[in-house]
Amino acid sequence: KAGVTQTPRYLIKTRGQQVTLSCSPISGHRSVSWYQQTPGQGLQFLFEYFSETQRNKGNFPGRFSGRQFSNSRSEMNVSTLELGDSALYLCASATGSGYGYTFGSGTRLTVV
Amino acid sequence: AQTVTQSQPEMSVQEAETVTLSCTYDTSESDYYLFWYKQPPSRQMILVIRQEAYKQQNATENRFSVNFQKAAKSFSLKISDSQLGDAAMYFCAYRSAERDDKIIFGKGTRLHILP
């Protein structure tokens, strides 16, 4: 059974640009969540999608957005990148609330 | 709002010894799930162990076990016979069973294994 796949693994962008990160969940998992991980702030929740609908949202500015497709694949987009957006972005999928997440390997975004 | 606190930013343990990582949480809910995740240098988060709040019995997974104290809102992780491959960041996490909500993570404890 394939795991959660995130692409790309590494990304370098310039301030002001926008970026799209992709996540393919485990087959059958309808919930996809995104987290931002930084050394100072730890794991911060961005949003969760379930059956193409945003079910939960964290406290991030509107520059951060996401979506989920009918095959459960999800993308997150960050527009007008800032230096502070440099982080590891983790995607996780789940089959149900009580089963925890299965995480992908993350996308390391560096904004210069 | 629920919170998860890991008071030990870093810990070290001798190979083959036992170590306990602490975690406390705050919630007004009675039904929830608790998790421990491991993040090695490869950065992939791996689920180590899961506990359902309404189950009194402490969860175990091979060398990993928890001490779940619901009244004290404490959920510590014990690693027995520590191995070099256990070196990682460990995150304690909480998820409500009463609402469709996100998993809340603690700040993590970095565990070093001394050969």
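Scroll up for the structure.
About the cut-offs
Residues numbered from 1 in each chain as written. Chains lettered and ligands numbered in written order. Predicted model: local features only at pLDDT ≥ 70, side-chain atom pairs only at ≥ 80, totals over all residues. Heavy atoms only, no water. Helix = DSSP H or I, 4+ residues; strand = E, 2+ residues; numbered from the N terminus. Rg over C-alpha atoms; globule rule 2.2 N^0.38 Å. Buried < 20%, exposed > 50% of the residue type's maximum accessible area, 1.4 Å probe, protein only. Contact = heavy atoms within 4.5 Å. Areas by Shrake-Rupley, 256 points an atom, 1.4 Å probe, with all protein chains shown as cover. Lys, Arg positive; Asp, Glu negative; His and termini not counted. Charge placed at Lys NZ, Arg CZ, Asp CG, Glu CD. Pairing = 2+ DSSP bridges. Salt bridge = Lys/Arg side-chain N within 4 Å of Asp/Glu carboxyl O. Polar contact = N/O pair within 3.5 Å; in protein donor to acceptor, adjacent residues only side chain to side chain. Phe/Tyr/Trp six-rings, centres within 6.5 Å; stacked < 30°, edge-to-face > 60°. Disulfide = S-S within 2.5 Å. Axes fitted to C-alpha atoms, helices over the stretch in contact; angles between N-to-C directions.

1. Things to note about the overall build of chain A
Link 1 in the chain: The helix and strand tally for chain A stands at zero helices and eleven strands.
Link 2 in the chain: Against the 2.2 N^0.38 benchmark of 13 Å for 112 residues, chain A shows a C-alpha radius of gyration of 13 Å, consistent with a compact globule.
Link 3 in the chain: When its C-alpha atoms are laid out on the principal axes, chain A stretches across 35 × 25 × 25 Å.
Link 4 in the chain: For chain A, buried positions account for 50% of its 112 residues.
Link 5 in the chain: In chain A, of all internal contacts separated by at least 6 residues, the share reaching a separation of at least 24 is 52%.
Link 6 in the chain: A total of about 5100 Å² of accessible surface is found on chain A, and carbon and sulfur atoms cover 47% of it.
Link 7 in the chain: Positive and negative side-chain charges of chain A, numbering 11 and 5 respectively, have mean locations separated by a distance of 5 Å.

2. Focus: the pairing of strand E2 (residues 10-14) of chain B
Residue and element names in this part refer to chain B.
Link 1 in the chain: Judged by which residues are buried, E2 turns out to be one-sided: Met 11 and Val 13 face inward and are buried, whereas Glu 10, Ser 12 and Gln 14, on the alternate face, are not.
Link 2 in the chain: Both E2 and strand E12 (residues 109-114) contribute to a ladder of five bridges, which runs parallel. Bridge pairing links Ser 12 to His 112 in E12.

3. Focus on the interface of chain A and chain B
Link 1 in the chain: Contacts between the two partners involve 27 residues from chain A, matched on the other side by 18 residues from chain B.
Link 2 in the chain: If you look at where chain A meets chain B, you find one salt bridge.
Link 3 in the chain: We note a salt bridge from Arg 95 of chain B to Glu 48 of chain A, for which the minimum N-O separation is 3.7 Å.
Link 4 in the chain: Our count for the chain A to chain B interface comes out at ten residue pairs in polar contact (both at pLDDT 80 or more).

4. Digging into the pattern of salt bridges
When the charged atoms of two side chains with opposite charge come close together, those side chains can pair.
Link 1 in the chain: This model, assessed by the stated rule, comprises twelve salt bridges over all chains.
Link 2 in the chain: Residue Glu 75 of chain A is joined to Arg 73 of chain A by a salt bridge in which the shortest nitrogen-to-oxygen separation is 3.3 Å.
Link 3 in the chain: Counted as one network, the salt bridges with shared partners bring together Glu 48 and Arg 55 of chain A together with Arg 95 of chain B.

5. Quick notes on unusual backbone geometry
Link 1 in the chain: Pro 8 of chain A follows Thr 7 of chain A through a cis peptide bond whose omega is -10°.
Link 2 in the chain: As for its placement among the helices and strands, Pro 8 of chain A is situated in the loop between strand E1 (5-7) and strand E2 (10-13).
Link 3 in the chain: Backbone geometry at Ser 72 of chain A places phi at a positive 80°, although glycine is not the residue there.
Link 4 in the chain: Its place among the elements puts Ser 72 of chain A in the loop between strand E7 (64-68) and strand E8 (74-78).
Link 5 in the chain: Not every positive phi belongs to a glycine, and Arg 43 of chain B is a case in point at roughly 75°.
Link 6 in the chain: With relative accessibility at 7%, the residue Arg 43 of chain B sits in the buried group.

6. Considering the packing of aromatic side chains
Link 1 in the chain: In this structure the tally under the stated criterion is 17 aromatic pairs over all chains.
Link 2 in the chain: Plain terms: the ring middles of Phe 47 of chain A and Tyr 49 of chain A are 5.7 Å apart, the flat faces sit at 65° to each other, and that makes the pair edge-to-face.
Link 3 in the chain: Overall, Phe 47 of chain A belongs to the buried group, its relative accessible area being 1%.
Link 4 in the chain: Ring pairing ties together the aromatic residues Tyr 35, Phe 45, Tyr 101 and Phe 103 of chain A together with Phe 35, Tyr 37, Phe 91 and Phe 105 of chain B, which thus form one cluster.

7. Details of the state of the cysteines
All names here are of chain B.
Link 1 in the chain: Taken as a whole and judged by the stated rule, the model has two disulfides over all chains.
Link 2 in the chain: There is a disulfide in this structure between Cys 23 and Cys 92, and the S-S distance comes to 2.0 Å. On the sign convention where negative is left-handed, the bridge of Cys 23 and Cys 92, at about -70° about the S-S bond, is left-handed. Highlighted residues: Cys 23 in the loop between strand E3 (19-21) and strand E4 (24-26) and Cys 92 in strand E10 (residues 88-96), separated in sequence by 69 residues.
Link 3 in the chain: For Cys 92, a relative accessible area of 0% puts it in the buried group.

8. Re the sheet that holds E1 of chain A
All names here are of chain A.
Link 1 in the chain: Strand order in the open sheet formed by four strands is E1-E3-E8-E7, with antiparallel pairing between adjacent strands. The open sheet has two edge strands, E1 and E7, and neither has a second partner. Across the sheet, the axes of successive neighbouring strands diverge by a mean angle of 15°, strand direction being ignored.

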